Amino acid sequence: MTTVSELIGQRLHAAGCRRAFGIPGGEVLAVMQGLDQAGVRFTLVKHENAGGFMAEGVHHRDGAPGVLVATLGPGVANAVNVVANAWQDRVPMLFLTGCVDESEAATYTHQVFDHAQLMRPITKASLRMTAEAAEAIIDKAIAIAMDDPPGPVHIDVPISVAVQPAKPAAGSRRAVPAPSVPADSPAFEEARQWLAAAKRPVMIAGVEALHHGAQDEVRALVEELGIPLITTYKAKGIVDERHGFVIGGAGLSPMADKVLLPLIQEADLVLLAGYDPIEMRVNWRNVWGADQRVVEFSATRNTHYMHQASHTFVGSIKEGLRKLRSGIRRASTWSAAEVGTLVGALAAICRTDETWGPGAIVDVARRVLPDDTVASVDSGAHRILLSQSWKCYEPRGLMQSSGLCTMGCSLPLGIGAKLADPARAVAVFTGDACLEMTLGELVTARDAQTPVIVFVFADESLSLIEIKQRANGQENLGVDFAGTDFAAVGRALGGLGFDVRSRDELEHAIGQSLEADCFSVICCHIPRKAYDGRI
Ligand SMILES: Cc1ncc(C[n+]2csc(CCOP(=O)(O)OP(=O)(O)O)c2C)c(N)n1
Ligand SMILES: [Mg+2]
């Protein structure tokens, strides 16, 4: 006999899931056992929200949907932020929760509210498990989570259903959609002619190109057709950012946009490769002129109305780009020197060549850490500066929350990535306030034995908000705070702790952290207002 919980575990395992995260309550114990028996290992976390980010960190390494488990009531409520994040950041995730049986709920209110009602606006689906249709429900949930655009699916598992017998799994039913190639059409032919004629083309690649495994096609367009590449923050590294034709990540820096938006507006062809504008600030709305040539390859129909293209081809980004460029020769007149001038103009804004400060932290870390380091970054001024200046050498080399832009994501993202890919160094970049929101997860890093290296941009300020407040001419209010001894906190929770105030001290701390078998906290002390004029 297979129980519903065991079946859930088996189907998730068959979908590639090897790890689940959460905090138990009496109502999900059977589900946790079912996962564990199937080989989906459970990691205890300190907050459900962080558990969801760890699940995402695993997803970025192994490609399977993330799995988050929460108990009824407070457990579900605690996870709202990370579920909304999975929705906005296009992360496939299964959110398994316990709930009371319907007949019980009729006469019992303690900890009981309507989970599905809470989840509906921030999930692709909220399903309720039954013993009769258990296999269809879990398989359907996985398929919906992975379908374009990927996102979270919630499954409420009633306490009594979790232990009921279910029909055994009948083999893989994971729907693998066939890649769809754009049909021959006058529109497609025109797009090809535009590409063949484009002397000053520019490409913007986004997260959908990663989901569709289109990196080789994007690289070929950059290298063979000489098309300079801008990416969203999540798509950084889709082509190694050391490549001379990669301009870098964009989206949240108004100063960088002063360089980038004119470049796009002057292009004679704008090629959009899986570019999902949910990551972008409002000034990325309708960037190009109505008469500009814009060709878009997109996983789903454009319902955001952030922009319109001359031609949009919905389907496989990879196949679409392949067909577009096939047989076309380079017309681009872009030279490496011209692109280099643009990259230099952007670098002059962020300034990583300073003696000490946030840019120096990025510079030293990138130089000293191994090339295959996986990095994560949190929300705030430090994130914008780092996203503009950290060079990604491979896709998914930098994880962050760029749709929802929530604080508190980087430490758990890093822990998840380290669990899934222990051979790599994992660098967690965080603001001081962001770390204070998730300090408890250092305990998870200790117990899960994930030696991540945490770099704290310690400026005793919510810098990003302080900058806005000052720009508004408002009094300093609710944005400054006293310094925390993060190095001591790190040591108290079982890791290493360092205080650094110079490039040399930072380099030394990184060296020691790389050799440690526990996590490290490197508190990088920088002055307040260190980001003025740089993001
Ligand atoms: C959950 C959440 N609350 C509030 C915000 C608004 N917010 C964005 S960045 C930021 C400041 C973060 O401070 P810190 O971690 O010190 O980073 P810094 O800006 O100083 O680099 C705040 C409050 C948010 N994005 N997410
Ligand atoms: Mg700060």
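Look above for the structure.
Treat the numbers as computed from the prediction; the structure is a model and nothing was measured.

## Quick notes on the site of ligand 1
Neighbouring ligand 1 are 17 residues, the closest being Ala381, His382, Cys405, Asp432 and Ser461. Contact with the protein chains removes 78% of the 590 Å² of surface that ligand 1 exposes when unbound. One can see that ligand 1 is located within the second largest pocket. Elements with a minimum of two residues in the shell around ligand 1: helix H17 (381-389), helix H19 (432-438) and helix H21 (463-471). Counted by class, the shell around ligand 1 contains 8 nonpolar, 7 polar and 2 charged residues.

## Looking at a negative patch on the surface
A cluster of like negative charges, contributed by Asp485, Asp499, Asp504 and Glu505, occupies part of the molecular surface. With respect to the helices, strands and loops of the structure, Asp485 is situated in the loop between H21 and helix H22 (486-492).

## Re helix H1 (residues 4-14)
For H1, every residue scored as buried is listed here: Val4, Ser5, Leu7, Ile8, Gly9, Arg11 and Leu12. Gly16, located one to two residues past H1, shows a positive phi value of around 100 degrees.

## A look at the pairing of strand E9 (residues 201-205)
The side chains of a regular strand alternate, residue by residue, between the two faces of the sheet. Counting buried positions along E9 yields 5 of 5 residues, so the element is predominantly enclosed. Of the two faces of E9, the one holding Pro201, Met203 and Ala205 and the one holding Val202 and Ile204 are both buried throughout. As defined by bridge partners, E9 adjoins strand E12 (residues 269-273) across 5 bridges and the pair is classed as parallel. From the neighbouring strand, Pro201 faces E12, where its bridge partner is Leu269. Direction of pairing for E9 relative to strand E10 (residues 229-232): parallel, over a ladder of 3 bridges. Of the residues in E10, the one forming a bridge with Ala205 is Thr231.

## What about empty space enclosed by the protein?
Under the criterion given, the structure shown has 4 cavities of 30 Å³ or more. Here the largest cavity defines a volume of roughly 90 Å³. Glu56, His60, Val207, Leu210, His211, Lys234, Arg396, Leu398, Met399 and Gln400 are the residues that line the largest cavity. The biggest single contributor to the lining of the largest cavity is helix H11 (residues 207-211), with 3 residues. Classifying every residue of the lining of the largest cavity by side-chain character gives 4 nonpolar, 3 polar and 3 charged.

## Section: the coordination of the magnesium ion (ligand 2)
On the protein side, the magnesium ion (ligand 2) has Asp432 (OD), Asp459 (OD) and Ser461 (O) as donor atoms, found 2.1 to 2.2 Å from it. Look at Asp432 and you get buried, because its relative accessible area is 3%. The class of Ser461 is buried, set by a relative accessible area of 5%.

## As for the pattern of salt bridges
A full pass over the atoms with the stated rule returns 27 salt bridges. We note a salt bridge from Glu224 to Arg325, for which the minimum N-O separation is 3.2 Å. One end of the pair, Glu224, is in helix H12 (residues 215-225); the other, Arg325, is in helix H14 (residues 317-325), and 101 residues separate them in sequence. A residue is classified by how much of its surface remains accessible, and Glu224, at 48% relative accessible area, is partly exposed. Residue Lys236 pairs with Glu241 through a salt bridge whose shortest N-O separation is 2.9 Å. Judged by its relative accessible area of 2%, Lys236 is buried. Relative accessible area serves as the criterion here: at 4%, Glu241 is assigned to the buried category.

## Focus: the nonpolar core
Soluble, globular proteins show a tendency: their nonpolar side chains are buried together. Met203, Leu229, Ile264, Trp284, Trp288 and Phe297 are the most contacted members of the largest nonpolar core, which has 56 residues in total. For this core, the element with the highest residue contribution is helix H13 (residues 254-265), accounting for 6 residues. What Trp288 contacts, discounting residues up to four positions off in sequence, is Ile204, Ile264, Val270, Leu272, Tyr275, Val294, His307 and Gln308.

## What about helix H10 (residues 186-197)?
Spanning 12 residues, H10 covers 16 Å between terminal C-alpha atoms, matching the ideal 16 Å at 1.5 Å per step. Taken residue by residue, H10 has Phe188, Ala191, Arg192, Trp194 and Leu195 as its buried positions. The buried residues of H10 occupy an angular sector of 160 degrees when the element is viewed end-on, so they sit on one face.

What counts, and where the lines are drawn
Residue indices follow the written sequence of each chain, beginning from 1 at its first position. Written order determines the labels here, with chains lettered from A and ligands numbered from 1. With pLDDT at 70 or above as the cut-off, local features in this predicted model cover only qualifying residues; side-chain atom pairs require 80 or more to be listed or tallied, and sums for whole chains, interfaces and linings still use all residues. Only heavy atoms go into the side-chain values, all of them from the structure, while hydrogens and water stay out. Residues are labelled near a given molecule or strand when at least one of their non-hydrogen atoms is within 4 Å of it. In short, Shrake-Rupley with a 1.4 Å probe defines the accessible areas, and a residue's cover is counted only from the protein chains shown. A 1.4 Å probe that fits but cannot get out identifies a cavity on a 1 Å grid over protein atoms alone, an open set with protein on both sides within 12 Å along at least five of seven lines counts as a pocket, and a residue lines either if it has an atom within 4 Å of a point. The way we define it, a molecule is inside a pocket or cavity when more than half of its atoms are within 2 Å of that pocket's grid points. Every helix listed is a DSSP run of H or I at least four residues long, and every strand listed is a run of E at least two residues long, numbered separately from the N terminus. When residues are grouped by polarity, Ala, Val, Leu, Ile, Met, Phe, Trp, Tyr, Cys and Pro land in nonpolar, Asp, Glu, Lys and Arg in charged, and all others, Gly among them, in polar. Distance thresholds for patches are 9 Å for like charges and 5 Å for nonpolar side chains (Val, Leu, Ile, Met, Phe, Trp, Tyr), applied to residues having over 30% relative accessible area and no salt bridge. In the sections that follow, a salt bridge refers to a side-chain nitrogen of Lys or Arg positioned within 4 Å of a carboxyl oxygen of Asp or Glu. Counted as positive: Lys and Arg. Counted as negative: Asp and Glu. His and the chain ends are not counted at all. For charged residues, the charge sits on one atom: NZ in Lys, CZ in Arg, CG in Asp, CD in Glu. Buried means the residue's accessible area, taken with a 1.4 Å probe over protein chains only, is under 20% of the maximum for its type, while exposed means over 50%, and partly exposed covers the values in between. What makes two strands pair is DSSP finding at least two bridges between them. Grid points are joined across faces, edges and corners, and a volume is the space filled by probe spheres set on the points. Coordinating donors are taken as N, O and S atoms within 2.8 Å of the metal, stretched to 3.2 Å for Na, K and Ca; because water is absent from the atoms, sites can appear incomplete. In this text, buried Ala, Val, Leu, Ile, Met, Phe, Trp, Tyr and Cys residues form a nonpolar core when linked through side-chain atoms within 4.5 Å. Working rule for contacts: check all heavy atoms of both residues, and any pair within 4.5 Å makes them a contact. Residue count minus one, scaled by 1.5 Å, sets the expected span of a helix. Note that the arc is defined by the directions from the helix axis to the C-beta atoms.

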